[in-house]
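Fold and contact review
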Amino acid sequence: ELHHSNQTVLIETFHDEQRERCLLENLQTKLQAQGVTLEPLPDKAVLETLREFGAISKFSVLLSQLLGRFKANCFDQRRLQQRIDASPEPAQVAAAMELLKPIYHQYQNLLDYRQEIDFDDMIGRAIEYVQQGRFKPHWRYILVDEFQDISEPRARLVKALRDGREDCSLFCVGDDWQAIYRFTGSDVSLTTRFEQYFGPTAITTLDKTFRFNNSICEVASRFVTENPAQVDKQLTTHLQVSQPAVPLLRQSKDINNPLKPIQQILKAIEQRAEAGSTVYLLARFWYQLPDRSAVNKLNRSYPQLTIEALSFHA
């Protein structure tokens, strides 16, 4: 209606065209049908425009992260192709790999020139040495702690070390509920499907915790088990309490005073907490937290409390 009333032309594009990889071709056809002469910018001008908007810097960070993840997985061509084929956007991942190739080769050439290897090379070479028989494991027992944070290549190395000696026994301790290192390449399915990867297994369940009371345990367990991929387990706690230990105080944001909701919650905490109690302000990312000066101000305002701001991971 807007275009009709202004006697202008509406050219429509659709999300499905983007998904089917024909958006630009269709747009070109529609523009040419309206008599538009196409004058694409030279590649250099496009690059400068992207640089001006900061897209190059952001993409560099992404490629750097991709390089780390690619190396950490110690891919051979078969494993890489399997991972590409299994992704929701195989064509997009394959294109990303084409962009990564020259960066990967340049990085490896730099390491070779300096006669250096990085941590991921250490894992990859160790796997090769064991599988090729250049290193013969002599250990009777292999123990791995914090197993939920292991990556597939490191699991591959552990498996190769175990299989390198006929009577070797592998003992692992891990808790899939505590897996937080996916961003570094960890794969929690190696814990939840341990027996499928390593073979016949005897499992001992450690179901009593000394870290928190039963009230916190009930709330945390309900939250974690909403994820069907987690192992369903019933924990007991050493410390038992008869009243709730997880209050929820809802506050809405105040654009004019971002600290106001935090101040209201801290006031409620101060009224019920023991003097000297520590309060952690937690967020997924650092930028979502109050800065150092704001935290110092909060500590001055609530001298009964010790207030710190941390990311969940920290």
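Here's what I pulled together on the structure shown here. These figures come from a predicted structure and were not determined experimentally. (Residues numbered from 1 in each chain as written. Predicted model: local features only at pLDDT ≥ 70, side-chain atom pairs only at ≥ 80, totals over all residues. Heavy atoms only, no water.)

Quick look at empty space enclosed by the protein now. One water molecule sets the probe size; rolling that probe over the atoms shows where empty space is left. The final tally for this structure, using the stated rule, is one cavity of 30 Å³ or more. Size it by volume and the largest cavity reaches roughly 40 Å³. Considering the residues around the largest cavity, the lining is formed by Lys71, Ala72, Cys74, Asp120, Ile123, Ser151, Pro153 and Arg154. For the lining of the largest cavity, the secondary structure elements donating two or more residues are α5 (55-72), α8 (119-131) and α9 (152-163). When the residues that make up the lining of the largest cavity are grouped by side-chain class, the tally is four nonpolar, one polar and three charged. (1 Å grid on protein atoms, 1.4 Å probe; cavity = no way out; pocket = protein on both sides within 12 Å on 5 of 7 lines; lining within 4 Å. Points joined across faces, edges and corners; volume = space filled by probe spheres on them. Helix = DSSP H or I, 4+ residues; strand = E, 2+ residues; numbered from the N terminus. Nonpolar A, V, L, I, M, F, W, Y, C, P; charged D, E, K, R; others polar.)

Turning our attention to the packing of aromatic side chains. Inspection of the entire model under this criterion finds eight aromatic pairs. Aromatic side chains Phe135 and Trp139 sit 5.9 Å apart centroid to centroid with 40 degrees between the ring planes, which places their arrangement in the tilted category. Overall, Phe135 belongs to the partly exposed group, its relative accessible area being 33%. Note on Trp139: relative accessible area 37%, which makes it partly exposed. Aromatic rings pair up to connect Phe147, Phe194, Tyr197 and Phe198 into one cluster. Here Arg140 stacks its cationic end above the ring of Tyr141, 4.7 Å away from the centre of that ring. (Phe/Tyr/Trp six-rings, centres within 6.5 Å; stacked < 30°, edge-to-face > 60°. Buried < 20%, exposed > 50% of the residue type's maximum accessible area, 1.4 Å probe, protein only. Lys NZ or Arg CZ within 6 Å of the ring centre and 35° of its normal.)

This part takes up the pattern of salt bridges. Counted by the stated rule, this structure contains 16 salt bridges. Among the salt bridges present, the one from Asp121 reaches Lys71, with a minimum N-O distance of 2.9 Å. Highlighted residues: Asp121 in helix α8 and Lys71 in helix α5, separated in sequence by 50 residues. In this structure, the salt-bridge partner of Arg156 is Glu152, at a minimum N-O distance of 2.7 Å. You can see Arg156 and its partner Glu152 sitting in helix α9, four residues apart, about one turn around the helix. Summarising the burial analysis for this pair, Arg156 and Glu152 share the class buried. Among the charged side chains, a network of salt bridges with common partners joins Asp76, Arg79, Glu152 and Arg156. (Salt bridge = Lys/Arg side-chain N within 4 Å of Asp/Glu carboxyl O.)

The next point concerns the pairing of strand β2 (residues 169-172). By the bridge criterion, four bridges tie strand β1 (residues 141-144) to β2 in an arrangement that is parallel. Directly across from Leu143, in β2, lies its bridge partner Phe171. With α9 bridging β1 and the parallel β2, this β-α-β connection has right-handed handedness. (Pairing = 2+ DSSP bridges. Right-handed = clockwise from strand over helix to strand, strands pointing away.)

Unlike most non-glycine residues, Arg21 shows phi in positive territory, near 65 degrees. If you trace the backbone, Arg21 turns up in the loop between α2 (15-19) and α3 (23-33). Positive phi, normally seen in glycine, also occurs at Cys74, with a value near 50 degrees. Within the secondary structure, Cys74 sits in the loop between α5 and α6 (77-86).

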